[in-house]
Amino acid sequence: MLWGSNARETHPIFFHHVLQGIHNGAKLVTVDPRRTSSAAWADAWLGLDVGTDIALSNTLAREIIHAGLVDQEFVRRGTSGFEEYARSVEPWTLERGELVTGVPRAAIRDFAHALGSTDRVQICWTLGITEHHNAVDNVLALINLGLLTGHVGRYACGLNPLRGQNNVQGGGDMGAIPNKLAGFQDLGDAVARGRFEQRWSCTIAPERGYFLTEMFDAMEHGTFRAAYVIGENPASSEADAQRAERLLQGLDFLLVQDLFFTRTAQLAHVVLPAAAAWCESEGTVTNSERRVQRVRKALEPPAGARDDMWIVQELARRLGYEWPFGSAPREMAENAWDELRALSPMHAGMSYARLDSEGGLRWPCKDEHDPGATFLHGRLWERDPALRGRPAPFSVLQHEPPVDALDADFPLRLTTGRRLSDYNTGVQSGGFNSPLRVGECVELSPEDATALDLREGDLARVSSRRGAVTAPVRIDDGLRPGLAFMTFHFPDEVNVNRLTIDAWDPKSGTAEFKATAVRVEKLVRADVVGLAEARA
């Protein structure tokens with residue numbers, strides 16, 4: 001199941017494995033507001049309205065319960081809170097689910113029965129689930145379905161977030177989360193924190209830090225005055241781009257460390273040119289299946305560029321701290337990794353020697369004899385309560401519509417995403433040509449294009465409550481009436497984040513990029529001429 005994921009275009013290597021599974025007889029179901037290129041390979045497509053994921057999950061759950069398809073033994077042994085959860089989804093009949101989500105009741109019923117009767121199901125999702133103001137609740141809704149049907153903790157089953165960028169998993173593993181230390185150890189855990197304090201000879205404050213969205217709020221309130229930005233381009237990638245750029249420009253000090261002279265780097269007081277981690281540095285990378293693999297230096301970086309780890313260590317030295325990692329690339333990377341292994345139990349058995357000889361290992365890997373875990377949460381199936389540990393809780397969740405409401409002035413729902421030809425804000429992909437590239441455009445359904453008197457290639461103004469952009473029209477019969485689609489790939493030409501809303505999920509800090517209310521208007525000839533003169 002691909003829920004909120006157009007993996008054919010956004011995770012093409014992963015999708016090759018999906019296609020192999022399909023050729024071997026697996027079934028694919030996609031849940032997405034758009035009939036994407038991934039849906040073209042699916043046995044079923046559930047085209048839900050944007051922001052109704054919890055409503056659909058609750059409706060599926062009620063049907064699974066009423067059809068007697070709950071994995072009763074697993075629910076009894078490995079979970080908690082089922083009775084309260086079952087009561088909470090009871091109002092979500094197939095009729096109500098269809099009314100709220102736009103998915104036909106027969107399709108919901110068929111999907112629920114497939115989930116409940118199939119032995120092996122993988123539930124995969126990406127940013128279509130998480131880029132909402134209730135992102136964490138959306139993920140919990142999918143976890144509920146996995147628990148209800150016993151599709152967790154077994155081989156070839158599970159809940160799989162497909163990571164949106166290379167080594168996002170590794171970044172989280174290393175503690176790049178406001179409330180976690182390396183190895184997902186809680187910052188508030190005094191014992192875990194004490195190990196880091198002893199190793200680093202310092203005191204670590206137990207209070208959680210800011211998410212990125214909270215940093216921008218703090219900038220607005222004047223309590224966040226300096227930023228060190230490594231490999232990130234928030235001037236282009238943050239929602240409500242006008243606000244983001246204004247706040248970055250207002251900082252007392254902005255330091256950017258990057259491969260490219262990004263829009264954010266252009267605003268910086270100091271820029272530190274960095275090496276390309278994938279070929280000019282030593283280290284590790286962790287993929288979506290938790291496999292840690294070695295990265296080896298193949299090329300020297302351009303003159304003036306430095307390895308990220310060297311830069312950070314050199315900054316520490318100039319601030320008066322001598323870190324014990326050495327200076328040679330391999331020595332520096334391995335010493336830092338060995339420090340991690342000493343502090344993070346789930347990485348303890350992953351020496352460089354083993355990573356080199358075994359082609360990578362999956363955490364948790366507790367010692368040098370541990371082969372690493374093929375899958376997670378198998379403990380939930382143990383009969384011995386001592387081995388089973390804490391049960392996995394069901395979550396009672398309420399449907400909440402998108403913050404940016406539709407009305408007569410802004411009647412269309414704009415959702416955003418990526419295309420196969422390009423990547424994020426175009427920093428890494430925009431410098432070369434691609435025969436697949438179509439440039440930025442606003443994609444509309446045939447019905448909406450007809451109603452707005454727009455044809456393929458016409459210029460249109462797209463407006464939201466925050467700003468407006470101009471883009472050519474592209475007609476996509478995979479879009480249902482009322483839904484539009486754009487990307488972030490070409491911010492210098494069409495900055496789509498001038499439209500998006502900065503409403504964000506308080507649990508994860510993720511902005512609601514997927515649900516913007518917009519108006520699309522055809523540009524008359526005078527508007528087009530004026531626009532061309534302005535650009536000239």
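Quantities reported herein were computed from a predicted structural model and do not represent experimental measurements. (Residues numbered from 1 in each chain as written. Predicted model: local features only at pLDDT ≥ 70, side-chain atom pairs only at ≥ 80, totals over all residues. Heavy atoms only, no water.)

> Looking at this model, I keep getting lost on the packing of helix α12 (residues 212–221) against helix α14 (residues 241–249). Mind explaining?
Any two packed helices are characterised by the angle at which their axes cross and by the distance between the axes. Following both chains from N to C, one finds α12 and α14 inclined at 60°, their axes separated by 10 Å at the closest point. Classified by the angle between their axes, α12 and α14 sit oblique to one another. The crossing of α12 and α14 is left-handed. Across the interface between the two elements, F216, D217, M219 and E220 of α12 pack against R243, A244, R246, L247 and L248 of α14. Residue classes in the contact of α12 with α14 are distributed as 5 nonpolar, no polar and 4 charged. (Axes fitted to C-alpha atoms, helices over the stretch in contact; angles between N-to-C directions. Helix = DSSP H or I, 4+ residues; strand = E, 2+ residues; numbered from the N terminus. Parallel < 35°, antiparallel > 145°, perpendicular 65-115°, else oblique. Left-handed = near helix turned anticlockwise from the far one by under 90°. Contact = heavy atoms within 4.5 Å. Nonpolar A, V, L, I, M, F, W, Y, C, P; charged D, E, K, R; others polar.)

> I tried to follow the domain arrangement of the protein on my own but got confused; where do I start?
It is common to report an interface's size as the accessible area lost on association of the parts. The domain architecture assigned to the protein consists of domain 1 (2–157), domain 2 (168–209 + 274–362) and domain 3 (412–535). Using C-alpha coordinates to define each centre, domain 1 is positioned 28 Å away from domain 3. Facing the 22 residues of domain 1 at the interface are 22 residues of domain 3. Of all residues in domain 1, the largest losses of buried area upon contact with domain 3 belong to R34, E131 and H133, amounting jointly to 34% of the total for that side. Between the two partners, domain 1 and domain 3, sit 3 salt bridges. Residue K514 is joined to E131 by a salt bridge in which the shortest nitrogen-to-oxygen separation is 3.6 Å. Our enumeration of links across domain 1 and domain 3 arrives at 13 residue pairs in polar contact (both at pLDDT 80 or more). For the side of domain 1 that touches domain 3, the secondary-structure elements that each account for two or more residues are α1 (7–10), α8 (127–130) and α9 (135–149). Class assignment for the residues of the side of domain 1 that touches domain 3 results in 8 nonpolar, 7 polar and 7 charged. (Domains from an automatic or database assignment. Buried area = accessible area lost by both parts, 1.4 Å probe. Salt bridge = Lys/Arg side-chain N within 4 Å of Asp/Glu carboxyl O. Polar contact = N/O pair within 3.5 Å; in protein donor to acceptor, adjacent residues only side chain to side chain.)

> I would appreciate a short explanation of a nonpolar patch on the surface in the present structure.
A cluster of nonpolar side chains, contributed by Y228, I230 and L315, occupies part of the molecular surface with about 240 Å² of accessible area. Structurally, the position occupied by Y228 is in strand β9 (residues 226–230). (Patch = residues over 30% accessible without salt bridge, like charges linked within 9 Å, V, L, I, M, F, W, Y side chains within 5 Å. Areas by Shrake-Rupley, 256 points an atom, 1.4 Å probe, with all protein chains shown as cover.)

> Can you help me understand the packing of helix α6 (residues 94–101) against helix α7 (residues 105–117) in this one?
The contact between α6 and α7 brings their axes to 8 Å, and the two run at 115°. Handedness of the crossing formed by α6 with α7: right-handed. Between α6 and α7, the contacting residues are L94, E95, G97, E98 and T101 on the first element and R105, I108 and R109 on the second. Here the contact of α6 with α7 is composed, by residue class, of 2 nonpolar, 2 polar and 4 charged.

> I keep staring at unusual backbone geometry and nothing clicks. Help me out?
Of all residues except glycine, most have a negative phi; of all peptide bonds, most are trans. The omega angle of the peptide bond from W363 to P364 is 0°, so this bond is cis rather than trans. Within the secondary structure layout, P364 lies in the loop between β14 (361–362) and α19 (385–388). Located in the positive-phi region is N167, a residue other than glycine, with phi close to 70°. Tracing the chain through its elements places N167 in the loop between β6 (158–161) and α10 (168–173).

> Where do I start with the packing of aromatic side chains in this structure?
The geometry of an aromatic ring pair is captured by the separation of the ring centres together with the interplanar angle, meaning the angle of the planes. Applying the stated criterion across every chain, the model contains 8 aromatic pairs. Pairing F488 with F513 gives two aromatic rings, centres 5.5 Å apart and planes at 70°, and the pair type is edge-to-face. Here F488, found in the loop between β20 (483–487) and β21 (516–522), pairs with F513, found in the loop between β20 and β21; they are 25 residues apart in sequence, far enough to count as distant. These aromatic residues form a ring-pair network of at least three members: F82, Y85 and F394. (Phe/Tyr/Trp six-rings, centres within 6.5 Å; stacked < 30°, edge-to-face > 60°.)

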